[in-house]
Amino acid sequence: MGSASSTLTQYDIEDVQEHCNNLFSQQEIVSLYKRFCQLDRTAKGFISADEFLSVPEFAVNPLSQRLLKMVDGLNFKDFVVFLSAFNPKASMPQKIELIFKVYDSDYNGKVTFKDIMEVLRDLSGSFMSDKQIEDVLIKVMQEAGYNKDSSLLLDDFVKILDHPGLKMEVEVPVD
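Residues numbered from 1 in each chain as written. Predicted model: local features only at pLDDT ≥ 70, side-chain atom pairs only at ≥ 80, totals over all residues. Heavy atoms only, no water.

- Where an unreviewed UniProt entry is consulted, the protein appears under the name EF-hand domain-containing protein, with the organism given as Tagetes erecta.

### Digging into a nonpolar patch on the surface
Step number 1: On the surface, Phe 127, Met 128, Val 136 and Val 140 cluster together into a nonpolar patch covering about 420 Å² of accessible area.
Step number 2: Tracing the chain through its elements places Met 128 in the loop between α8 (113-124) and α9 (130-143). (Patch = residues over 30% accessible without salt bridge, like charges linked within 9 Å, V, L, I, M, F, W, Y side chains within 5 Å. Areas by Shrake-Rupley, 256 points an atom, 1.4 Å probe, with all protein chains shown as cover. Salt bridge = Lys/Arg side-chain N within 4 Å of Asp/Glu carboxyl O. Helix = DSSP H or I, 4+ residues; strand = E, 2+ residues; numbered from the N terminus.)

### Focus: the environment of Leu 161
Step number 1: With respect to the helices and strands, the residue Leu 161 is situated in helix α10 (residues 154-161).
Step number 2: The exposure class of Leu 161 is partly exposed, given its relative accessible area of 23%.
Step number 3: It is 8.8 Å that separates the C-alpha atoms of Leu 161 and Pro 93, two residues lying 68 residues apart in sequence. (Buried < 20%, exposed > 50% of the residue type's maximum accessible area, 1.4 Å probe, protein only.)

### Some words on the packing of helix α2 (residues 26-39) against helix α6 (residues 76-84)
Step number 1: Close contact between α2 and α6 brings their axes to 10 Å; oriented N to C, the two are set at 115°. Here α2 and α6 pass one another in a crossing that is right-handed. Each of Ile 29, Leu 32, Tyr 33, Phe 36 and Leu 39 in α2 lies in contact with α6, whose residues at this interface are Phe 76, Phe 79, Val 80 and Leu 83.
Step number 2: Grouping the amino acids of the contact of α2 with α6 by side-chain chemistry returns 9 nonpolar, no polar and no charged. (Axes fitted to C-alpha atoms, helices over the stretch in contact; angles between N-to-C directions. Left-handed = near helix turned anticlockwise from the far one by under 90°. Contact = heavy atoms within 4.5 Å. Nonpolar A, V, L, I, M, F, W, Y, C, P; charged D, E, K, R; others polar.)

### Describing unusual backbone geometry
Trans is the common state for peptide bonds, and a negative phi is the common state for residues other than glycine.
Step number 1: A positive phi angle is found at Ala 43, which is not glycine, with a value near 55°.
Step number 2: Turning to its location among the elements, Ala 43 is positioned in the loop between α2 and α3 (49-52).
Step number 3: Take Ala 43: its relative accessible area is 35%, and that puts it in the partly exposed class.
Step number 4: A positive phi angle, near 55°, is found at Tyr 107, a position not held by glycine.

### As for the layout of surface pockets
Step number 1: In this structure, the second largest pocket occupies an estimated 340 Å³ of space.
Step number 2: As for the second largest pocket, its lining consists of 14 residues, of which Val 81, Phe 82, Glu 97, Leu 98 and Lys 101 are closest to the centre.
Step number 3: Put simply, the parts of the chain that give the lining of the second largest pocket at least two residues each are α6 and α7 (92-103).
Step number 4: Along the lines of polarity and charge, the residues of the lining of the second largest pocket split into 7 nonpolar, 4 polar and 3 charged. (1 Å grid on protein atoms, 1.4 Å probe; cavity = no way out; pocket = protein on both sides within 12 Å on 5 of 7 lines; lining within 4 Å. Points joined across faces, edges and corners; volume = space filled by probe spheres on them.)

### Remarks on the environment of Asn 61
Step number 1: Looking at where Asn 61 falls in the secondary structure, it is placed in the loop between α4 (56-59) and α5 (64-71).
Step number 2: Judged by its relative accessible area of 28%, Asn 61 falls in the partly exposed class.
Step number 3: It is 8.9 Å that separates the C-alpha atoms of Asn 61 and Leu 123, two residues lying 62 residues apart in sequence.
Step number 4: Of note is the side chain of Asn 61, whose polar atom sits 2.6 Å from the backbone nitrogen of Leu 63. (Polar contact = N/O pair within 3.5 Å; in protein donor to acceptor, adjacent residues only side chain to side chain.)

### Concerning the packing of aromatic side chains
Step number 1: Applying the stated rule across the entire model yields 8 aromatic pairs.
Step number 2: Between the aromatic rings of Phe 52 and Phe 79, the centroid separation amounts to 6.1 Å while the plane-to-plane angle is 50°, which identifies the pairing as tilted. In this pair, Phe 52 sits in helix α3 while Phe 79 sits in helix α6, placing the two residues 27 residues apart along the sequence.
Step number 3: Note on Phe 79: relative accessible area 3%, which makes it buried. (Phe/Tyr/Trp six-rings, centres within 6.5 Å; stacked < 30°, edge-to-face > 60°.)

### Some words on the pattern of salt bridges
Step number 1: Per the counting criterion, the structure on display carries 11 salt bridges.
Step number 2: Notably, a salt bridge pairs Glu 51 with Lys 44, separated by 3.0 Å at the nearest N-O pair.
Step number 3: Looking at Glu 51, the relative accessible area reads 3%, which means it is buried.
Step number 4: One salt-bridge network, held together by shared partners, links Arg 66, Lys 114, Glu 118 and Asp 122.

See below:
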């Protein structure tokens, strides 16, 4: 499984379904596999950062460089797990975990004020000054019970973001 010349067996499909907590149907997994094989232009069984950049929506995303670090070298199973967070059936904690990983650029399991500033700077571009971003971030962190020197863990992110009124509806079409 993984090279463009191979096909998925029923066992492979069920294994991938289990690996992604059954968030994708068998037909969706087959569609994702076809897309994976299209991206894996050299048929080596994993997708490189350069291959991911061939997806236009990905290439223009302001967080693409951070996302590239997360997706570089993914095999098919891990590709599906990565996409699971974008599935409408994914739980809020699953979506928050992906967001946490985007912010945790050094992969130390902690998100600092500086990490958040960098992401917000990427997202806002030239629309907000660093001072404006910092002022807003300080206020938000204080309201959540944290300060500029706090390091946030995944549990902190879940505590802050897992609210019934918050919607995170970013979806990746599978066909």
